[in-house]
Amino acid sequence: MISIKNASKTFRGKAGTVEALKDVDLEVEAGEIYGIIGFSGAGKSTLLRLVNQLETPDSGTISVDGQDLTDLPSAALRVVRRNIGMVFQQFNLLERKSVFHNVAMPLILAGTPKAAIRERVEEVLRIVELEDKRNTYVSQLSGGQKQRVGIARSLATEPKILLCDEATSALDPKTTESILALLKRINEEMGVTILLITHQMHVIQRICTKVAVMEEGRIVEHGSVLEVFDSPREQITQEFVRTVLNDRIPATLIGQLHTDARHYCVERMRFVGETARKPVLATLAKIPDLEVNVLGAKVEELQDTVLCLYLVQLIGDQAAIDSAERYIDSEGVRRERVSV
Ligand SMILES: Nc1ncnc2c1ncn2[C@@H]1O[C@H](COP(=O)(O)OP(=O)(O)OP(=O)(O)O)[C@@H](O)[C@H]1O
């Protein structure tokens, strides 16, 4: 649905030259919620803005539904843009105008008849659950309500694609949760494809199906959210995953392990989906001459499945530990020995 190929973009200004995008490829399928994560300055906004041509690449192609946007005349581009809504971190609303007026704005600009505007605005206000605020000035709303207005405005023209630029970064955790739930509902019930950028891994975890990690103008890793959380390759990806699923052993525990004179090893084990339901630890505990000590555990929900992380101390002679590792491997559980 969205296809970006070999896109590069360099900004030249008084402060010097910045290569914001370096030969970036991105493929987003219809119906996905695709998240792009990276630290500040990685190039996320520039990449997102290519999709509605708020930014044009120096080289490469951007196509939406098979149509190349890079050499489109402006009238045709306006039609394409009507199919692409955008939600901003700072809402970008007219504070002194009513909720109704803000949501109606894109339709007014498109020359939509008044009756149709009224009908569509009421419809999207119902979707974002703000019908009772239609006549309220935006300046009187909370941050979460403002973002709902921003989302309603972006939906007014019935877009097929929603671009979200740090849509929840200015919101508290509870409001963030409700906005993420709303975006997921819009994706599922209205079939809107969502491309979002964020620097928060829990946003990716909560609603995305796919993720791309950006660093210094490049996509360094991408895949399904489950794949990337389960086995992050790049160091930056591992750091992001750790903000949600911390697999480090706390220093206090390392101190205690150092004073343990028994023969042991520490294993980090990841259970995903079906393997999470197998009684692996219970079976391990039955291996003769082996003691199993769970040092830590974390369970996270991802794309309608679960990812469990266990840190386990296996205590026993080498033969017992070897037999435990063989058993874990035979169950398809990913494990690695951790040096402490
Ligand atoms: N219009 C511009 N003129 C000059 N430099 C720019 C412009 N837009 C972006 N940049 C630079 O390009 C690089 C990438 O910026 P971009 O906003 O795409 O990153 P980002 O990952 O979205 O960061 P943030 O999370 O801080 O918004 C940065 O170094 C930024 O300063």
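Residues numbered from 1 in each chain as written. Predicted model: local features only at pLDDT ≥ 70, side-chain atom pairs only at ≥ 80, totals over all residues.

- Going by what an unreviewed UniProt entry lists, the chain is known as Methionine ABC transporter ATP-binding protein and is assigned to Ancrocorticia populi.
- Regarding the chain, the relevant UniProt record gives this comment under Subunit (unreviewed entry): "Homodimer. Forms a membrane-associated complex with FtsX."
- Under Sequence similarities (unreviewed entry), UniProt gives the following word-for-word description of the chain: "Belongs to the ABC transporter superfamily." (UniProt positions renumbered as here; feature names shortened; annotations may be inferred.)

**Overview of the overall build of the chain**
Item 1. Within the chain, the regular secondary structure consists of twelve helices and 14 strands.
Item 2. For the C-alpha atoms alone, the extent of the chain along its principal axes is close to 80 × 45 × 35 Å.
Item 3. Burial analysis of the chain (340 residues in total) assigns 35% to the buried set.
Item 4. When contacts within the chain are restricted to residue pairs at least 6 apart in sequence, long-range pairs at least 24 apart make up 68% of them. (Helix = DSSP H or I, 4+ residues; strand = E, 2+ residues; numbered from the N terminus. Buried ≥ 20, exposed ≤ 12 C-beta atoms within 10 Å, placed from the backbone. Contact = placed C-beta atoms within 7 Å.)

**Side note on the sheet that holds strand S6 (residues 84-88)**
Item 1. Sheet architecture is open: six strands sit in the order S6-S7-S8-S3-S9-S10, paired in mixed fashion. Looking at the sheet topology across the chains shown, the edges are occupied by S6 and strand S10 (218-224). The average undirected angle you get between the axes of adjacent strands in this sheet is 15°.
Item 2. Where strand S9 (residues 210-215) lies against S10, six bridges are found, and the strand directions are antiparallel. In the strand pairing of S10, Ala212 is matched with His222.
Item 3. Docked against the sheet, helix H9 (residues 235-242) engages strand S3 (33-38), S9 and S10, running at close to 120° with respect to S9. (Pairing = 2+ DSSP bridges. Axes fitted to C-alpha atoms, helices over the stretch in contact; angles between N-to-C directions.)

**Quick look at the domain arrangement of the chain**
Item 1. When its domains are assigned, the chain resolves into domain 1 (2-242) and domain 2 (251-338).
Item 2. Using C-alpha coordinates to define each centre, domain 1 is positioned 40 Å away from domain 2.
Item 3. Taken together, the contact between domain 1 and domain 2 spans six residues of the former and seven residues of the latter.
Item 4. Counting residues per element, the side of domain 1 that touches domain 2 draws most heavily on helix H8 (residues 225-230), which supplies four residues.
Item 5. Residues of the side of domain 1 that touches domain 2, tallied by class, amount to three nonpolar, two polar and one charged. (Domains from an automatic or database assignment. Nonpolar A, V, L, I, M, F, W, Y, C, P; charged D, E, K, R; others polar.)

**A closer look at the environment of Leu50**
Item 1. Considering the arrangement of structural elements, one finds Leu50 in helix H1 (residues 44-51).
Item 2. When the C-alpha atoms of Leu50 and Val266 are compared, they prove to be 47 Å apart, with 216 residues separating the residues in sequence.
Item 3. Residues in contact with Leu50, not counting those within four places in the same chain, are Ile4, Ala7, Glu55, Pro57 and Ile62.

**Some details on the UniProt feature "domain: ABC transporter" (unreviewed entry) in the chain**
Item 1. Look at the UniProt record and you will see "domain: ABC transporter" (unreviewed entry) annotated at residues 2-241.
Item 2. What you have in residues 2-241 is 39% helix and 28% strand, and the ends, taken at the C-alpha atoms, are 26 Å apart.

**What to know about the sheet that holds strand S4 (residues 59-64)**
Item 1. On the basis of which strands lie adjacent, the open sheet formed by four strands has the order S2-S1-S4-S5 and antiparallel pairing. Looking along the sheet, the strands with just one partner apiece sit at the ends: strand S2 (16-28) and strand S5 (67-68).
Item 2. Across nine bridges, the pairing between strand S1 (residues 2-13) and S2 is antiparallel. Bridge pairing in S2 links Gly13 to Gly16.

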